[in-house]
Amino acid sequence: MDDGEPRGTGQNLDDIIDGIYHVAVEPSRVHELVTTWRRRFTDAAGAADASRRMEPHLLRAVDLLDRLHDGGPDAGLPGSAQESQPLLRADSAGTIVECNAAASRIYEVTTGDPLAALPLCAASQRALARAVAGLRASRGESNGALDLLRLNRAGTGELLTFSLRPVAAADGAPLVELRGAEIVCSDELRQVLTYTFELTATEAAVAALLIEGLSVNEIAAARNNTVGTVRVHVRSLLAKTETHNQAEFIRMAIGISAMLAAPPGRFGKPDAAPDARAQAGPFPTPAHRRALALPDGRELAYADFGAADGRVVLFLHDNILGDTWPAALANAATERGLRIVAPARPYFSTSSPYPARRGPLDVVVGDTRHLLEHLGIDDYVVLSRTTGSAFGAALALADPHRCRALVALSPALPFSKSGDYDHLNDHARFVALSARFQKTALLFACRAGEAFYRTAGARRYLKAVLARSAPDRALCDDPLVLRDLQHGCDFSDNYKGFYHELLGLQSHPFPRFDDIGCPVELIVGDLDSNNRRRQAERVAAGLRNFRVTVIPGAGALFFYTHGEIVLAALERYSP
């Protein structure tokens, strides 16, 4: 459709349909699609008509997403399985008891294999056996020096370098640890390179092979490309990373790999105290997680942390960041005598799916009240974040004798007219209109978001979908804040919860805020990209027990930067 063709009529959907299939293959292009969608359909009716006409294409695109992006690398914190260097440990019988992914890939061994299964020539096998025996003879003692072994691969004679050191298993049993000098481009390193330098999938694949030591000719053979094609990708790779040759690029990549393997922290003098933020991970920790069996056979997961006998804050999470609390804020809440109880809604964490033929509000309110009875909680303040606000409002209405107040952060609020959608950013508008008019479009939006997160990484996903204002984008560039933001993201099932909740809230009306009897405080950032300040002030207008707090210079993620304001609000209403 050219610029002279009327918009919003839905007469020509070719570019939208093309965009749908582009996203199915390359989810990072979802921003292009939602921008085009908004440009084509300037009103809700046009979007509704387009959704119905594109039903078969949306169904095919969802199927493609399932086929092409099922599972994928975990975007969580790095562990031994994602280390860039091969590492394995063997017990006193010479059996490999630990083996990371890099070691399995390079040496073709796995847990349970004997050390003799390493691909070494006979002489190198004997040299390794003598070195391991020597470490055993030392009874696990080490002088701190790095013992290096230079061995040869069977068949090719390729030089393999290992470091050996004695370590102890969790039960104290002596082990020998072998770490190879070879570099493997781990999933995490590839993800970091991709979102830092905005590499295409092909460029990222070529980069990984360069890091692992392949020449241009070997890469061409491995990828079934011409040498000229690979050289074009290498030139683009060098330009994007601002390196001048392959050696410089590899040196930079190895340096990034080393930083990823190091414990999180900040540079300083050797004797400087460790950064408290780096040392303290986000809450809830695994020790805070609990599960409750519900009367209908489902399971409700929840977290419980803070002051054990403190004033209860019932935290209702959002659909993207989950129930994450920065450690400093959680500790400050504990010091103020607050106990945080955070139930996970169906599909989130280990909570069971929504039961059939029941609305999400009724299910969550019933599950939460059962949890409160189980824990013996007689009164509480609800703290909700974004989409959790609908459930917070429903609970305040259903449990007026125990709910003392509702504090809603960057709340998702009901729309009174179609024009309210125009104040949302492109992604939020696309999802909201899909939820209102066509469930297949909503399923596609949620599934595409999950695939985008897996393929692009947390930083790019959050900046494209959630952090649309300048202050929020800046937070995503802080590695420690990004770690906190990632903590609650588990997109293996979260997108299913998102889909069922948005769909359910269309058929089960959003709670009426003006019917809530307890105090309600809506806290918003004045730079929120979804203009939640306008929505909050509209909802609160004329209501006696409503309060709107606007944080100057903040976006939607002020929970991570303005925790004192949140705690002050909780203390205002806590008994």
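Residues numbered from 1 in each chain as written. Predicted model: local features only at pLDDT ≥ 70, side-chain atom pairs only at ≥ 80, totals over all residues. Heavy atoms only, no water.

### Description of the nonpolar core
In step 1: In terms of nonpolar packing, the biggest core is built from 79 residues, with Trp 325, Leu 383 and Phe 444 touching the most fellow members.
In step 2: Residues Val 312, Val 341, Ile 377 and Leu 505 belong to the second largest nonpolar core, which totals 41 residues. (Core = buried A, V, L, I, M, F, W, Y, C linked by side-chain atoms within 4.5 Å. Buried < 20%, exposed > 50% of the residue type's maximum accessible area, 1.4 Å probe, protein only.)

### Quick word on the packing of aromatic side chains
In step 1: All chains considered together, the criterion is met by 10 aromatic pairs.
In step 2: Ring centres of Tyr 107 and Phe 162 lie 5.3 Å apart, and the angle between their planes is 40°; on these two criteria the pair is classed as tilted. Linking Tyr 107 in helix H5 (residues 101–107) with Phe 162 in strand E4 (residues 159–168), this pair joins segments that are 55 residues apart in sequence. Here the two residues Tyr 107 and Phe 162 agree in accessibility, since each one is buried.
In step 3: Their ring planes at 65° and their centres at 5.7 Å tell us that Phe 452 and Tyr 461 sit as a pair that is edge-to-face. As far as burial versus exposure is concerned, Phe 452 and Tyr 461 are alike and both buried. (Phe/Tyr/Trp six-rings, centres within 6.5 Å; stacked < 30°, edge-to-face > 60°. Helix = DSSP H or I, 4+ residues; strand = E, 2+ residues; numbered from the N terminus.)

### A closer look at the confidence of the model for the chain
In step 1: Of all residues in the chain, 84% have pLDDT values of 70 or greater, and the mean over the chain is 81.
In step 2: Long-range and interchain partners of residues 1–11, a stretch whose pLDDT sits below 50, account for 15 contacts in this model, where long-range means more than four residues apart.
In step 3: A low-confidence stretch, residues 140–145 stays under pLDDT 50, and its non-local contacts, those more than four residues away or across chains, total four contacts. (pLDDT = per-residue confidence, 0-100. Contact = heavy atoms within 4.5 Å.)

### Focus on the packing of helix H14 (residues 360–375) against helix H15 (residues 388–398)
In step 1: Running from N to C, H14 and H15 cross one another at 60°; their axes reach a closest spacing of 9 Å. Crossing hand, H14 versus H15: right-handed. Packed against H14, whose contacting residues are Pro 360, Leu 361, Val 364, Val 365, Thr 368 and Arg 369, the element H15 presents Ala 390, Phe 391, Ala 394, Leu 395 and Ala 398 at the interface.
In step 2: Across the contact of H14 with H15, the residue classes tally to nine nonpolar, one polar and one charged. (Axes fitted to C-alpha atoms, helices over the stretch in contact; angles between N-to-C directions. Left-handed = near helix turned anticlockwise from the far one by under 90°. Nonpolar A, V, L, I, M, F, W, Y, C, P; charged D, E, K, R; others polar.)

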